[in-house]
Amino acid sequence: MPSVQPLRTTSEETEVVTSETVATRRPWNVVVWNDPVTPMSVVVVIFRKVFGYSNNKCTQLMLTVHHEGRAIVWSGARERAESYCVKLQVAGLSTTIEQGD
Amino acid sequence: MGVARLFVRRRDGRVEVRLNDGGRSFVHDVFAQVVAAERDPDHEWHTSLAPPIDPAVDQDDPVATLRRQSEMNTNAELALVTSGEQFLNAAEAWAWLSTLQVALRSVAVSHGLLSDERLAQSDAATLEYVRTLQQLLFALAECL
């Protein structure tokens, strides 16, 4: 009669799983950087087109970029963050992604 | 005296282009420059067309780079082939805006105009080029 072996769960395995879970839950931020040449109204139009945000939200984000040098315009899963980053770069804005805290 | 508008949004959603021959020639040259920069790795604008999303990550993500480049080709080429049109649909107007903005950023990067001080110190020809691009972008953004 075959015996059923119990599943082994070492403390090392448990630690690895926990670490991965925490890492994937940290959001990825799409960051737009200020530059001295892009007209403000163009930034608003690009945000509206790419994200579908309201005019007010786009204007607020644009002003944050202008006054603080950068703004986080979207946070979430890495794949979507990369996709938004690409769209903003294709539209001519300076953007990067970074992992949030 | 009123200021002539360069772009007018019509009721049917299309954007009417009211550039004179000089303006048409300017945007055609800009669009052609962006297309050339996309195809020529030695072009002075080339490196600014496809900046890394995150240098540490991008080396491991060639798919993102390819997708970015292919999307940019589409916008610039669409803008170039429609540079003589009187009316632009929404996608074409977006391609114009994107390509003009890419050109503006490329000029800024290739001339090191990354601060207000550097911009103010740039030569007259570069400054006029930047101002013309900004004027076109500002006028087009009002219609979108």
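Below is a summary of the structure that appears in this document.

Rules behind the numbers
- Residues numbered from 1 in each chain as written.
- Chains lettered and ligands numbered in written order.
- Predicted model: local features only at pLDDT ≥ 70, side-chain atom pairs only at ≥ 80, totals over all residues.
- Heavy atoms only, no water.
- Helix = DSSP H or I, 4+ residues; strand = E, 2+ residues; numbered from the N terminus.
- Expected span 1.5 Å × (residues − 1).
- Buried < 20%, exposed > 50% of the residue type's maximum accessible area, 1.4 Å probe, protein only.
- Core = buried A, V, L, I, M, F, W, Y, C linked by side-chain atoms within 4.5 Å.
- Contact = heavy atoms within 4.5 Å.
- Buried area = accessible area lost by both parts, 1.4 Å probe.
- Polar contact = N/O pair within 3.5 Å; in protein donor to acceptor, adjacent residues only side chain to side chain.
- Nonpolar A, V, L, I, M, F, W, Y, C, P; charged D, E, K, R; others polar.
- Pairing = 2+ DSSP bridges.
- Axes fitted to C-alpha atoms, helices over the stretch in contact; angles between N-to-C directions.

All names here are of chain A. Spanning 13 residues, helix H4 (residues 78–90) covers 18 Å between terminal C-alpha atoms, matching the ideal 18 Å at 1.5 Å per step. Considered for burial, the residues of H4 that qualify are Ala81, Glu82, Tyr84, Cys85, Val86, Leu88, Gln89 and Val90. Positive phi shows up at Gly92, right after H4, with a value of about 95°.

Counting residues in hydrophobic clusters, the biggest one holds 64 residues, and the most contacted among them are Ile46, Phe47, Phe51 and Leu88 of chain A together with Phe7, Trp96 and Leu100 of chain B. Here this core gets eleven residues from one element, more than from any other, and that element is helix H5 (residues 90–110) of chain B.

The interface is formed by 31 residues belonging to chain B together with 24 residues belonging to chain A. Buried area between chain B and chain A, both sides added, is near 2400 Å², and the carbon and sulfur share of it is 65%. There are five residue pairs in polar contact (both at pLDDT 80 or more) connecting chain B and chain A. For the side of chain B that touches chain A, the secondary-structure elements that each account for two or more residues are helix H4 (62–81), H5, helix H6 (116–120) and helix H7 (124–141) of chain B. Ranked by residue count, the leading element in the side of chain B that touches chain A is H5 of chain B, at eight residues. Grouping the amino acids of the side of chain B that touches chain A by side-chain chemistry returns 19 nonpolar, five polar and seven charged.

Right, let's get into the side chain of His43 of chain B. Residue and element names in this part refer to chain B. The residue His43 is located in the loop between helix H1 (21–39) and helix H2 (46–49) in this model. Residue His43 is classed as buried on the basis of its relative accessible area, which comes to 15%. Those residues in contact with His43 that lie beyond four places of it in its chain are Gln33, Ala36 and Ala37.

Residues and elements named next belong to chain A. What the three strands build is an open sheet, ordered S2-S1-S3; its pairing is antiparallel. Lying at the two open borders of the sheet, with one neighbouring strand each, are strand S2 (70–76) and strand S3 (94–99). Between one strand axis and the next, the sheet turns through 25° on average, direction left out of account. In terms of strand pairing, strand S1 (residues 28–33) meets S3 through six bridges, oriented antiparallel. Among the inter-strand pairings, Val32 is bridged to a residue of S3, identified as Thr95.

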